[in-house]
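Examining the three-dimensional arrangement
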Amino acid sequence: MVAVLAAALPVLAGRAVRAQEKVTLRSDILLYGDNTEFRNPFREGETIFGAAARAFVDFELSPKVAISLGGFGNQRFGSAKAFDLARPVIAVTVRGARSSFVFGTLPAMAVTAPSGPDRGGPHGLLPPLQRETLAFERPYEAGLQWDFKGRRLSHSAWLEWQRLNTPDHRERFDGGLKAEVAAGRGLSVPLQIHVVHEGGQLFSTGPVADSAAAALGLAMRLPARGAWRVSLEAFGLAGRFVPDRQAPAGNATGRAVFTRASVERGEWRAHAIVWRGRHFLKDEGDPNYLSIRRNGHRYGGTRDYAEAGLARRFTVAPGAVIEVAGRFHRTERSYEYSYRVLSIASLRWVLRRQPPTPQLPTPK
């Protein structure tokens, strides 16, 4: 489907779209390989290898508005299917001087995304709020997204649908906010919120469930010493987990502390994370941080988790990077390791550019 759309849309663009300022064929490709060599009481080890690609055409109606039409495919290596997931790419993007708004298919992982597996989730949230592997398990998202970058405030807010309400199951969607306010030289106040909801009024198969959590912190970026860049972050988290509104005995209110330090030099990055949480449960969160065992039983004490990692990003060509990362994990009394290889490429071909309108000479 992706190949057919990629071949057909340029022809349609040349014949049917005459008034657009610019028509661009785009392709975003993500190759991912994630291997977790562990199996602890809270999380299973898993190997995730595959490729997610989208090919689409951007019809620029004006410098501020563009319509994207194309196709998306996700192929897990070793699968018997040609595509484990195939979806259309349909989006309207409105851009301003400091912000952009997307309605439809949400953007793919960018080549300029922050390096490091601990920041590699679909929206760059802290891992206990949204696990990083969702970027591979769910590389296609559709809904609404608003990004803003000002002098002191920057944020990304989104709402995306995962499942419709049908006679077989409830609907499911998630939304979130990742914001940061500059508080001074090298200091900022980050805020992250994430909500997952299952419900719907058309059909009542299954429970109505909610999972919400927020993280508020302080980030410090120390003055660069030559090529070295050091950052320190500390967050306080609070979450509310409601697996069934009709069974309040299963609800949980949790709190936690998340701290992270990182050192960067060139395209190298090393990081360390320390976590302590109590009764913290979060739908879509990384199980290594959560107070629930693999067998479904709640963990009653204070959860401890820590990790250290090293990542190297290679810029192999303009618009193409490869990142290799390894991590060492301590989950309570379990010690494990994991590694990851990513390749992100973004290709652009300008098919048609509207020539500037000729200016008539001013009569004397």
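Small disclaimer: the values here were computed from a predicted structure and weren't measured.

Regarding a nonpolar patch on the surface
A cluster of nonpolar side chains, namely L153, V181, L187, V189, L216, L218, M220, L222 and L232, defines an oily patch on the protein surface of about 670 Å² accessible area. Of all the elements in the fold, those that place two or more residues in the nonpolar patch are β9 (187-199) and β10 (209-221). By residue number, the principal contributor to the nonpolar patch is β10, which donates three residues. Structurally, V189 is set in strand β9.

Considerations on the confidence of the model for the protein
Of the residues in the protein, 92% reach a pLDDT of 70 or more, and the chain-wide mean stands at 91. In this model residues 1-18 is a low-confidence stretch, pLDDT under 50, and it forms 28 contacts with partners more than four residues away in sequence or in other chains.

So, the pairing of strand β7 (residues 153-163)
For strand β6 (residues 142-149) and β7, the ladder comprises seven bridges, and the chain directions are antiparallel. Note on β7: the bridge partner recorded for L144 is L159. In textbook terms, the turn of a hairpin is the stretch between consecutive antiparallel strands, and for β6 and β7 this stretch comprises three residues.

Considerations on the side chain of S156
One can find S156 in strand β7. S156 gets classed as buried once you look at its relative accessible area, which sits at 17%. A distance of 2.6 Å separates the side chain of S156 from the side chain of D147, its partner in a polar contact. Residue contacts for S156: discarding those within four places in its chain leaves Q145, W146, D147, G176, L177 and K178.

Focus on the nonpolar core
Among the nonpolar cores identified, the biggest contains 19 residues, and L126, L129, L237, F258, W275, F280 and Y289 are the most heavily contacted of them. For this core, the elements supplying multiple residues, two or more each, are β10, β11 (228-242), β12 (252-265) and β13 (268-278). Setting aside its immediate chain neighbours within four residues, Y289 contacts P127, P128, F258, I273, W275, R303, Y305 and E307. Core analysis: the second largest hydrophobic core is formed by 14 residues, F56, V111, V321 and I344 among them.

Focus: the pattern of salt bridges
Evaluation of the coordinates by the stated rule reveals 27 salt bridges. Residues E44 and R39 are paired through a salt bridge, measuring 2.9 Å at the closest nitrogen-oxygen approach. Owing to a relative accessible area of 57%, R39 belongs among the exposed residues under this scheme. With its nearest N and O atoms 3.1 Å apart, the salt bridge here joins R294 to E44. Remark: E44 occurs in the loop between β1 (22-37) and β2 (47-62) and R294 occurs in the loop between β13 and β14 (302-317); sequence separation between them is 250 residues. We classify R294 as partly exposed; its relative accessible area is 35%. Given a relative accessible area of 39%, E44 falls into the partly exposed group.

Observations concerning the environment of G285
Position of G285 relative to the elements: it lies in the loop between β13 and β14. For G285, a relative accessible area of 4% translates into the label buried. Taking the C-alpha atoms as reference, G285 lies 13 Å from D210; in sequence the two are 75 residues apart. Excluding residues that lie within four positions of it along the chain, G285 makes contacts with P127, P128, L129, Q130, R131 and L290.

Points about the packing of aromatic side chains
One pass over the structure, following the stated rule, counts ten aromatic pairs. Centroid distance W275 to F280: 5.5 Å. Interplanar angle 75°. Geometry classified as edge-to-face. With centroids separated by 5.2 Å and ring planes inclined at 90°, the aromatic side chains of W275 and Y289 adopt a geometry described as edge-to-face. Note that W275 is positioned in strand β13 and Y289 in the loop between β13 and β14, a separation of 14 residues in sequence. W275 gets classed as buried once you look at its relative accessible area, which sits at 1%. The class of Y289 is buried, set by a relative accessible area of 1%. Among the aromatic residues, those joined into a cluster by ring pairs are F235, F258, W275, F280, Y289 and Y305. Positioned over the ring face of F42 is R303, at 3.8 Å from the centre of the ring. Over the ring of F314 we find R312, and its NZ or CZ is 4.3 Å from the ring centre.

The rules we used
- Residues numbered from 1 in each chain as written.
- Predicted model: local features only at pLDDT ≥ 70, side-chain atom pairs only at ≥ 80, totals over all residues.
- Heavy atoms only, no water.
- Patch = residues over 30% accessible without salt bridge, like charges linked within 9 Å, V, L, I, M, F, W, Y side chains within 5 Å.
- Areas by Shrake-Rupley, 256 points an atom, 1.4 Å probe, with all protein chains shown as cover.
- Salt bridge = Lys/Arg side-chain N within 4 Å of Asp/Glu carboxyl O.
- Helix = DSSP H or I, 4+ residues; strand = E, 2+ residues; numbered from the N terminus.
- pLDDT = per-residue confidence, 0-100.
- Contact = heavy atoms within 4.5 Å.
- Pairing = 2+ DSSP bridges.
- Buried < 20%, exposed > 50% of the residue type's maximum accessible area, 1.4 Å probe, protein only.
- Polar contact = N/O pair within 3.5 Å; in protein donor to acceptor, adjacent residues only side chain to side chain.
- Core = buried A, V, L, I, M, F, W, Y, C linked by side-chain atoms within 4.5 Å.
- Phe/Tyr/Trp six-rings, centres within 6.5 Å; stacked < 30°, edge-to-face > 60°.
- Lys NZ or Arg CZ within 6 Å of the ring centre and 35° of its normal.

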